[in-house]
Amino acid sequence: MIQNTVRVASCVVVAMMAQTAMGADWPQWLGPERNGISSEVPQKLPEKKVLWRRPMSGESHGGIAVAAGFVVVPDFGEGKEIIRCFGAEKGEAVWSHSYPAADKIEFGSSMRATPLIHAGKVFTLGAGGEFTCLELATANEDKTAKVVWRMNLAEAYKATRPSWGYAASPLIADGLLIVAPGADDAALVALDPATGKEKWRAAGGIAAYASFVVGKLGGVTQVVGYDKESLGGWDLKTGRRLWSVKPENDGDFNVGTPVVVGERLLVSTENNGTRLFQFGKDGVADPKPVAKSDDLSLDTGTPVLWKDRVYATYGGLYCINADDAMKTAWYDEKEDDFSAYSACIAGNDRLMVFGESGTLCLVDISGKEGQLLGKMTLCEKTWSYPALADGRLYIRDAKWLYAYEMK
């Protein structure tokens, strides 16, 4: 349950972009283009070198964001959600911001969503719905963050908080800040990032856990994601819901982020497998998938697309062809870190697999079969998505935030 400027803003997140993603920043969930692709993935693992590390207060599931020379990481301690900002090069503490965490959330009350850095601001969403805009580069004299605006999504929109807490990472698209309160009359809303003022809202259901993406599908630029019961697309300009697809089998948690594959959409859930949807010219999805794989059924992970193949771990590392057949190209179950949840980053014909044990596996994905090139233990157990930016890899566990040399 386990995001400089967010280039996904007015861009269409398509497969061609995945091959050319710039790497200097990692400003949001899943990186520069919100797809788990980085031009900085190494050809081979470098010698293990910790550039700096800083103590953390406790376990937090939210991912790490890096931009403009700053590292922003969620933390948790003494009943509070904490957002910390450090200098990227030397790890000096810049500011922190905290507030009481919501209680009675299964799997703890720490932040799930990854912070979003955009236009000199940091946007964070807590598990209880605390939605905050902070200054990135400046702080108060006591090294607390400067708050630009804030709201609680559940309170502001009279929404039902998801059972496991809010988890969808904020999204910037075409100058709009997209977030999902999950209220009957405001399932999805678009805000002015500078003020928090509402631009549009869309009716719907209780929020799911998956983050949203933007894609041009069927010729229509739309926000794509889940509510608790269904997958859907919303017109980016107006918020009008364009389509809704309910899966064949009930009970999906809807945690993994959808993946835009050209003008198609790929999703993977635990009860309905991995499916590929196509769209009509009106931007509406055909409710029947054009292809499906029952081999890969993810309950929490998000697949990564590289050169028309999809990679993810579920009882092993799967490579599936993202075409009309969606056959499994190869499968590797030899590594323990392929057996459970992992975070994946692809690029340069390599796949970085970050197991929940804190071990990084680098896999060559240039050939017909995957080849393990090396392993490196980076931290203790973690569910927090790492960040790869400007030659450094940032990763955290319950005790430390680490910056590793990764050139």
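Read on for an overview of the structure. The structure presented is a predicted model; accordingly, all values stated were derived computationally and were not measured.

Right, let's talk about the overall build of the chain for a bit. Scanning the chain for helices and strands turns up two helices and 32 strands. In terms of overall dimensions, the chain has C-alpha extents of about 60 × 50 × 35 Å along its principal axes. Looking at the chain as a whole, 61% of its 407 residues qualify as buried. Accessible surface for the chain amounts to roughly 15600 Å². Of this, 48% is attributable to carbon and sulfur atoms.

Sheet topology places strand 4 (residues 80-87) next to strand 5 (residues 93-100); seven bridges connect them, and they run antiparallel. Looking at strand 5, one finds that Cys85 is bridged to Trp95. A loop of five residues connects strand 4 with strand 5, the two strands running antiparallel in sequence, and Gly91 in this loop sits at a positive phi of about 80°.

Quick look at the sheet that holds strand 10 (residues 171-173) now. Judged by pairing direction, the sheet is antiparallel, and its four strands sit side by side in the order 10-11-12-13 without closing on themselves. Across the chains shown, the open sheet's two edge strands, defined by having one partner strand only, are strand 10 and strand 13 (198-202). For this sheet, the mean angle separating the axes of adjacent strands, direction not counted, is 25°. Examined bridge by bridge, strand 10 and strand 11 (residues 176-179) share three bridges and lie antiparallel to one another. What sits directly across from Ile172, in strand 11, is Leu177.

Positive phi, close to 55°, is recorded for Ala68, a residue that is not glycine. Mapped onto the secondary structure, Ala68 falls in the loop between strand 2 (65-67) and strand 3 (70-77). Its relative accessible area of 36% is what places Ala68 among the partly exposed residues. The phi torsion at Glu78 lies on the positive side, around 55°, for a residue other than glycine. Looking at the element boundaries, Glu78 is found in the loop between strand 3 and strand 4.

What follows concerns the pattern of salt bridges. Applying the stated rule across the entire model yields 15 salt bridges. Here Arg241 ties to Asp227 by a salt bridge, and the two come within 3.1 Å at their closest N and O atoms. Within this pair, whereas Arg241 is found in strand 17 (residues 241-245), its partner Asp227 is found in the loop between strand 15 (220-226) and strand 16 (231-235), the two being separated by 14 residues in sequence. By relative accessible area, Arg241 is classed as partly exposed at 24%. Asp294 is paired through a salt bridge with Lys292; the nearest N and O atoms lie 3.5 Å apart. What you see here is one network of salt bridges that share partners, running through Asp75, Arg84 and Arg396.

Before going further, it helps to examine the sheet that holds strand 9 (residues 145-152). Taken in spatial order, the four strands of this open sheet run 6-7-8-9, and their pairing is antiparallel. Each edge of the open sheet is held by one strand with a lone partner, namely strand 6 (116-118) and strand 9. Between one strand axis and the next, the sheet turns by 20° as a mean value, whatever way the strands run. Summarising the sheet, strand 6 and strand 7 (residues 121-125) pair through three bridges and their orientation is antiparallel.

This brings us to the packing of aromatic side chains. Think of a pair of aromatic rings as described by two things: how far the centres are apart, and how the planes are tilted against each other in angle. Counted by the stated rule, this structure contains 14 aromatic pairs. When the centroid spacing of 6.0 Å and the interplanar angle of 50° are considered together, the rings of Tyr311 and Trp330 count as tilted. With a gap of 19 residues between them, Tyr311 in strand 23 (residues 309-313) and Trp330 in strand 25 (residues 328-332) connect regions that are remote in the sequence. The class for Tyr311 is buried, based on a relative accessible area of 1%. Taking relative accessible area as the criterion, Trp330 reaches 4% and is therefore assigned buried. A network of ring pairs unites the aromatic residues Phe107, Trp164, Tyr209 and Phe253 as a single cluster. The aromatic ring of Trp400 is capped on one face by Arg53, whose charged end is 3.5 Å from the ring centroid.

Time to look at the side chain of Asp252. Within the secondary structure layout, Asp252 lies in the loop between strand 17 and strand 18 (259-261). One buried charge, Asp252, has no salt-bridge partner; the nearest side chain with opposite charge is Arg275, at 4.3 Å. Polar side-chain contacts of Asp252 include one of 2.8 Å to the side chain of Thr269. Separated by 2.7 Å, the side chains of Asp252 and Asn272 make a polar contact. Every residue in contact with Asp252, bar those within four places of it in the chain, is listed here: Lys228, Pro247, Thr269, Glu270, Asn271, Asn272 and Arg275.

The next point concerns the side chain of Arg350. Structurally, Arg350 is set in strand 27 (residues 350-355). Looking at Arg350, its side chain comes within polar contact range of the main-chain oxygen of Gln43, at 2.9 Å. Among the polar contacts made by the side chain of Arg350, one reaches the side chain of Asp364 at a distance of 3.2 Å. Excluding residues within four positions of it along the chain, Arg350 makes contact with Val41, Pro42, Gln43, Ile345, Leu362, Val363, Asp364, Ile365, Ser366 and Leu373.

Judged by nonpolar contacts, the single largest core of 35 residues is most densely connected at Met352, Phe354 and Tyr394. Listing elements by their share of this core, those giving two or more residues are strand 3, strand 26 (342-347), strand 27, strand 28 (359-364), strand 30 (387-389), strand 31 (392-396) and strand 32 (400-405). Counting residues per element, this core draws most heavily on strand 32, which supplies four residues. In this structure Tyr394 touches Trp52, Ile64, Val66, Val71, Ala88, Pro386, Ala387, Ala389, Tyr402 and Ala403, once residues within four positions along its chain are discounted. In this structure, Leu116, Phe123, Val179 and Ala183 belong to the second largest nonpolar core, which totals 21 residues.

Quick notes on the rules
- Residues numbered from 1 in each chain as written.
- Predicted model: local features only at pLDDT ≥ 70, side-chain atom pairs only at ≥ 80, totals over all residues.
- Heavy atoms only, no water.
- Helix = DSSP H or I, 4+ residues; strand = E, 2+ residues; numbered from the N terminus.
- Buried < 20%, exposed > 50% of the residue type's maximum accessible area, 1.4 Å probe, protein only.
- Areas by Shrake-Rupley, 256 points an atom, 1.4 Å probe, with all protein chains shown as cover.
- Pairing = 2+ DSSP bridges.
- Axes fitted to C-alpha atoms, helices over the stretch in contact; angles between N-to-C directions.
- Salt bridge = Lys/Arg side-chain N within 4 Å of Asp/Glu carboxyl O.
- Phe/Tyr/Trp six-rings, centres within 6.5 Å; stacked < 30°, edge-to-face > 60°.
- Lys NZ or Arg CZ within 6 Å of the ring centre and 35° of its normal.
- Lys, Arg positive; Asp, Glu negative; His and termini not counted.
- Polar contact = N/O pair within 3.5 Å; in protein donor to acceptor, adjacent residues only side chain to side chain.
- Contact = heavy atoms within 4.5 Å.
- Core = buried A, V, L, I, M, F, W, Y, C linked by side-chain atoms within 4.5 Å.

None of the figures reported here should be taken as evidence of function without further support.
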